[in-house]
Number of protein chains: 2
Amino acid sequence: MKAIVKVMLKEGVLDPQGEAIRHALGTLGFGGVEGVRQGKVIEIALAGEDREKARAKVEAMCEKLLANTVIERYEIEVE
Amino acid sequence: MKAIVKVMLKEGVLDPQGEAIRHALGTLGFGGVEGVRQGKVIEIALAGEDREKARAKVEAMCEKLLANTVIERYEIEVE
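All values derive from a computational prediction rather than experimental measurement.

## Here's the deal with the overall build of chain A
Assigned secondary structure in chain A consists of 2 helices and 3 strands. Seen in sequence order, chain A has helices and strands lined up from the N terminus as β-α-β-α-β. Here the C-alpha atoms of chain A give a radius of gyration of 16 Å, more than 25% beyond the 12 Å that 2.2 N^0.38 yields for 79 residues. Projected onto the principal axes, the alpha-carbon positions of chain A cover approximately 50 × 25 × 15 Å. Split into buried and exposed, the 79 residues of chain A put 41% on the buried side. Of the contacts formed within chain A by residues at least 6 apart in sequence, a portion of 69% connects residues at least 24 apart. Charge separation in chain A, taken as the distance between the mean sites of 12 positive and 14 negative side-chain charges, equals 3 Å.

Next comes the structure, spelled out in structure tokens:
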């Protein structure tokens, strides 16, 4: 089973990497870019068959390790 | 309009960040983790209404800046 976790900085938290990309896109001549946010995506291959158990486990992983919930939000998708 | 770009290392390319996460999850007592890959996700807010044009523009951004296509693959989603 595969879980995909997307970790993004919360709205209002400064995102210097996103800003750097926005600036670079402008320099390269790409117009119409109103904003850029960069985050992490983590794909986790898990043993077992139970989707609900897998989701709960990945949620615990996010809370303990994968995301800093003070400044980041996460989304979990189980495939 | 919002485009979401997911950039992952290609299969077979060593992913030390993913390995570090896998190791840390083991240390924290999470069993059944068969593999971890880490990548980037980039959310781009774009002016304009034409989804096909937006997708083509973001594809050009990926080729020129956002991904290193020698070792990375990317997926584009336009919302």
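## Structural notes on the relation of the copies chain A and chain B
Taken as rigid bodies, chain A and chain B are interconverted by a rotation of 180° and an axial shift of 0.0 Å, the fit giving an RMSD of 0.0 Å. Both copies are brought into coincidence by an operation consistent with a two-fold rotation axis. Closest to the rotation axis within chain A is the C-alpha of Lys40 of chain A, separated from it by 2.3 Å. The overlap is high: 100% of the interface residues of chain A also sit at the interface in chain B, so the same surface is used on both sides.

## Quick notes on the layout of surface pockets
Think of a ball as big as a water molecule: rolled over the atoms, this probe shows where empty space is left. Its boundaries defined by the atoms lining it, the largest pocket holds a volume of some 300 Å³. If you list the elements that add at least two residues to the lining of the largest pocket, you get β1 (2–9) and β3 (72–78) of chain A together with β1 (2–9) and β3 (72–78) of chain B. A breakdown of the residues in the lining of the largest pocket according to their chemical character gives 6 nonpolar, no polar and 7 charged.

## With respect to a negative patch on the surface
Where like charges cluster on the molecular surface, the negative patch consists of Glu77 and Glu79 of chain A together with Glu77 and Glu79 of chain B. Structurally, the position occupied by Glu77 of chain B is in strand β3. Here Glu77 of chain B falls in the partly exposed class, since its relative accessible area comes to 46%.

Criteria and cut-off values
- Residues numbered from 1 in each chain as written.
- Chains lettered and ligands numbered in written order.
- Predicted model: local features only at pLDDT ≥ 70, side-chain atom pairs only at ≥ 80, totals over all residues.
- Heavy atoms only, no water.
- Helix = DSSP H or I, 4+ residues; strand = E, 2+ residues; numbered from the N terminus.
- Rg over C-alpha atoms; globule rule 2.2 N^0.38 Å.
- Buried < 20%, exposed > 50% of the residue type's maximum accessible area, 1.4 Å probe, protein only.
- Contact = heavy atoms within 4.5 Å.
- Lys, Arg positive; Asp, Glu negative; His and termini not counted.
- Charge placed at Lys NZ, Arg CZ, Asp CG, Glu CD.
- Least-squares fit on C-alpha atoms with pLDDT ≥ 70 in both.
- 1 Å grid on protein atoms, 1.4 Å probe; cavity = no way out; pocket = protein on both sides within 12 Å on 5 of 7 lines; lining within 4 Å.
- Points joined across faces, edges and corners; volume = space filled by probe spheres on them.
- Nonpolar A, V, L, I, M, F, W, Y, C, P; charged D, E, K, R; others polar.
- Patch = residues over 30% accessible without salt bridge, like charges linked within 9 Å, V, L, I, M, F, W, Y side chains within 5 Å.
- Areas by Shrake-Rupley, 256 points an atom, 1.4 Å probe, with all protein chains shown as cover.
- Salt bridge = Lys/Arg side-chain N within 4 Å of Asp/Glu carboxyl O.

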